[in-house]
Amino acid sequence: MAYSALSQVPVAVSINTDSFLPRSQFKGSNVFFIDKLRTSGLSLDFKIANARSKGRSVICMSVQQASKSKVAISPLSLEDAKEPPLHLYKNKEPYTGTIVSVERLVGPKAPGETCHIVIDHGGNVPYWEGQSYGIIPPGENPKKPGNPHNVRLYSIASTRYGDSFDGKTASLCVRRAVYYDPETGKEDPSKNGVCSNFLCDSKPGDKVQIAGPSGKIMLLPEENPNATHIMIATGTGVAPFRGYLRRMFMENVPTFKFSGLAWLFLGVANSDSLLYDEEFSKYLQDHPDNFRYDIALSREQKNRNGGKMYVQDKIEEYSDEIFKLLDDGAHIYFCGLKGMMPGIQDTLKRVAEKRGESWEEKLSQLKKNKQWHVEVY
C-alpha cells in the first residue's frame, strides 16, 4: 500500500480497486526479476502462484512455504528494543538501499499490476511489523524545479527480519498507478504514478532512497499471545497483515509464541488479483485453530442481495461472531483504500442497531481500549 508522505497527508498513489482504473493491458515482456535472495542457509520451497486461478503462470517467489516447523531468524537482538524505531532517516537525508528483486504478484486477468519488491537495507533501517518506509523516486519534482520528488509512504509487507530472515531486507507490495485519459481511453504516461512505476520497473542492483521507518498505529500488540486479531484489507492494504502473519506462523520468534486467533478478510477484484494467497492458504492448512481466511472477489462473487461481493459484505456475514470477539477484547485493523471505510462503518452500524447497541458508543469504547486500528489512503 502507498500514500504520500508530504505533511503526512494520505493520497491515493498506488492502489488496487475495482473502479479506480480501467483494465490495464501489459505486454508479455512484463516479467519480474529475481537476484540472489539471501536464504540464511534455508531451503525454501518456491511454488507457482496459481492456487486459485487455473492457467495462472506467475511465479511468486515471495511465497516461501515454511512447513509446520518454524523458520530460524536472526539477529535476535531485533527483539530487544522496547520502543519501535522511528524516523532513523529523514526525507532530506535518506538511506540508499538496493533492489534485490521485483516480482509480479497477480495473474493475467487482474485489473492492473501489483508487484512484490524486496529491498536490501543492510540492517541499517530496522522497522517493526505495521510500520512504513518512505520512498523517494529519482528525478526532479516538476512542481518544484531543483527539488527531489515528494516522499511516498509504503506499508512494509515483511516482518522485521525480512523475506530472507536475516534482518537485512524489507518488502513492499506496490500497485502500479497508471492513468488513462477518460476521453481517449489511452494511457497517459505523463500522469502515471512516479514512485509506483519506478519501483515496479526496478531491477536487481538498482538503488532506492529510503526514509523512515514511520508509524505506530498499526503496530502489532504482542503483550497477550492469546489475543484475537481481525484484519480487514483491500488490495495492497494486505501488506502489514502479511508481516503480522509471518511473525505469528512462519518465524520462530522466541519472545512471541502466538496462540490466539488471526482472522484475515481480503477484498480484491478477482481470483487473479489475490495477493500472497498461497502463503495465507498454507497457514490455514497448518494452523486451522489459529487462522481464518475469507476473501471477497467483487467481480466473481455475489453478496446475499445479488450485488458485487465487497469486503464489508463478508464482514456482515460474520457480524455476530465479530461483535462477540470485539466484546471479548479482539483487535480489529483496517488497511487499504480510504473508500473502504464508509461501507464498512455503515455495515457495522447497521449490525449494532440490530443488536440494540449504539455503534457510536461502541466505536468510542473500541478506540479508548486501543482495539481499533485504521490506516487508509
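Residues numbered from 1 in each chain as written. Predicted model: local features only at pLDDT ≥ 70, side-chain atom pairs only at ≥ 80, totals over all residues. Heavy atoms only, no water.

- For the chain, an unreviewed UniProt entry supplies the name Ferredoxin--NADP reductase, chloroplastic and the organism Penstemon davidsonii.
- In its Cofactor (unreviewed entry) section, the UniProt record describing the chain reads: "FAD". (UniProt positions renumbered as here; feature names shortened; annotations may be inferred.)

Section: the overall build of the chain
Logical step 1: Looking only at helices and strands, the chain features seven helices and 15 strands.
Logical step 2: Buried positions account for 57% of the 377 residues belonging to the chain.
Logical step 3: Excluding contacts between residues fewer than 6 apart, the proportion of contacts in the chain whose partners are at least 24 apart in sequence is 75%.
Logical step 4: Carbon together with sulfur atoms contributes 50% to the accessible area of the chain, which is approximately 16400 Å² in total. (Helix = DSSP H or I, 4+ residues; strand = E, 2+ residues; numbered from the N terminus. Buried < 20%, exposed > 50% of the residue type's maximum accessible area, 1.4 Å probe, protein only. Contact = heavy atoms within 4.5 Å. Areas by Shrake-Rupley, 256 points an atom, 1.4 Å probe, with all protein chains shown as cover.)

Focus on helix 1 (residues 194-201)
Logical step 1: Among the eight residues of helix 1, six are classified as buried, and the element is accordingly described as predominantly covered.
Logical step 2: Within the sequence span of helix 1, burial applies to Cys195, Ser196, Asn197, Phe198, Leu199 and Cys200.
Logical step 3: Packed against the buried residues of helix 1 are strand 5 (95-104), strand 6 (114-120), strand 7 (132-136), strand 8 (152-155), strand 9 (169-175) and strand 10 (207-214).

A short note on unusual backbone geometry
Logical step 1: Residue Pro75 is bonded to the preceding Ser74 through a cis peptide linkage, with omega at -5°.
Logical step 2: Checked against the element boundaries, Pro75 lands in the loop between strand 4 (59-65) and strand 5.
Logical step 3: For the peptide bond that leads from Gly212 to Pro213, omega is 0°, which places it in the cis range.
Logical step 4: Relative to the elements of secondary structure, Pro213 occurs in strand 10.
Logical step 5: Phi at His87 takes a positive value of approximately 55°, unusual for a residue other than glycine.
Logical step 6: The topology assignment puts His87 in the loop between strand 4 and strand 5.
Logical step 7: Classification of His87 by relative accessible area gives partly exposed; the value is 41%.
Logical step 8: A positive phi angle, near 60°, is found at Tyr276, a position not held by glycine.
Logical step 9: Mapping Tyr276 onto the fold places it in the loop between strand 12 (261-268) and helix 3 (277-286).

Observations regarding the side chain of Glu279
Logical step 1: The residue Glu279 is located in helix 3 in this model.
Logical step 2: With relative accessibility at 1%, the residue Glu279 sits in the buried group.
Logical step 3: Engagement of the side chain of Glu279 in a polar contact is seen with the side chain of Arg246, the distance being 3.0 Å. (Polar contact = N/O pair within 3.5 Å; in protein donor to acceptor, adjacent residues only side chain to side chain.)

Quick notes on the pattern of salt bridges
Logical step 1: One pass over the full model with this rule turns up 23 salt bridges.
Logical step 2: When the shortest N-O distance is used, the salt bridge between Lys362 and Glu357 registers 3.3 Å.
Logical step 3: Within this structure, Glu79, Glu129, Arg160, Glu222 and Arg247 form a network of salt bridges that share partners. (Salt bridge = Lys/Arg side-chain N within 4 Å of Asp/Glu carboxyl O.)

With respect to the packing of helix 6 (residues 340-354) against helix 7 (residues 359-368)
Axis angle and axis distance: for two packed helices, these are the angle between their axes and the distance between the axes, and together they describe the pair.
Logical step 1: Orientation of helix 6 relative to helix 7, taken along the N-to-C sense of each, is 115°, at an axis distance of 9 Å. As summarised for this structure, helix 6 and helix 7 are arranged roughly perpendicular, according to the angle between their axes. Seen from helix 6, the contacting residues are Gln345, Leu348, Lys349 and Ala352; seen from helix 7, they are Trp359, Glu360 and Leu363. (Axes fitted to C-alpha atoms, helices over the stretch in contact; angles between N-to-C directions. Parallel < 35°, antiparallel > 145°, perpendicular 65-115°, else oblique.)

Examining the sheet that holds strand 14 (residues 331-336)
Logical step 1: Strand order in the open sheet made by the five strands is 13-12-11-14-15, with parallel pairing throughout. What marks the edges here is a single partner per strand, and that holds for strand 13 (291-297) and strand 15 (372-376). In this sheet, adjacent strand axes meet at a mean angle of 10° when their direction is disregarded.
Logical step 2: Of the pairings in the sheet, the one linking strand 11 (residues 228-234) to strand 14 comprises five bridges and is parallel in character. Residue pairing across strands places His229 opposite His331, the latter belonging to strand 14. (Pairing = 2+ DSSP bridges.)

Some points on the pairing of strand 10
Residues in a regular strand project their side chains so that they alternate between the two faces of the sheet.
Logical step 1: Of all eight residues in strand 10, six are buried; the element is thus mostly enclosed.
Logical step 2: Examined bridge by bridge, strand 5 and strand 10 share four bridges and lie antiparallel to one another. Its bridge partner being in strand 10, Thr98 is matched across the sheet by Lys207.
Logical step 3: Across four bridges, the pairing between strand 7 and strand 10 is antiparallel. Looking across to strand 10, one finds that Ile135 is bridged to Ile210.

Let's talk about the packing of helix 2 (residues 239-250) against helix 3
Logical step 1: Viewed as axis vectors pointing N to C, helix 2 and helix 3 meet at an angle of 35°, and their least axial separation amounts to 11 Å. Handedness of the crossing formed by helix 2 with helix 3: left-handed. Contacts between helix 2 and helix 3 pair Arg242, Leu245, Arg246, Phe249 and Met250 from the former with Glu279, Phe280 and Tyr283 from the latter.
Logical step 2: Partitioning the contact of helix 2 with helix 3 into residue classes produces five nonpolar, no polar and three charged. (Left-handed = near helix turned anticlockwise from the far one by under 90°. Nonpolar A, V, L, I, M, F, W, Y, C, P; charged D, E, K, R; others polar.)

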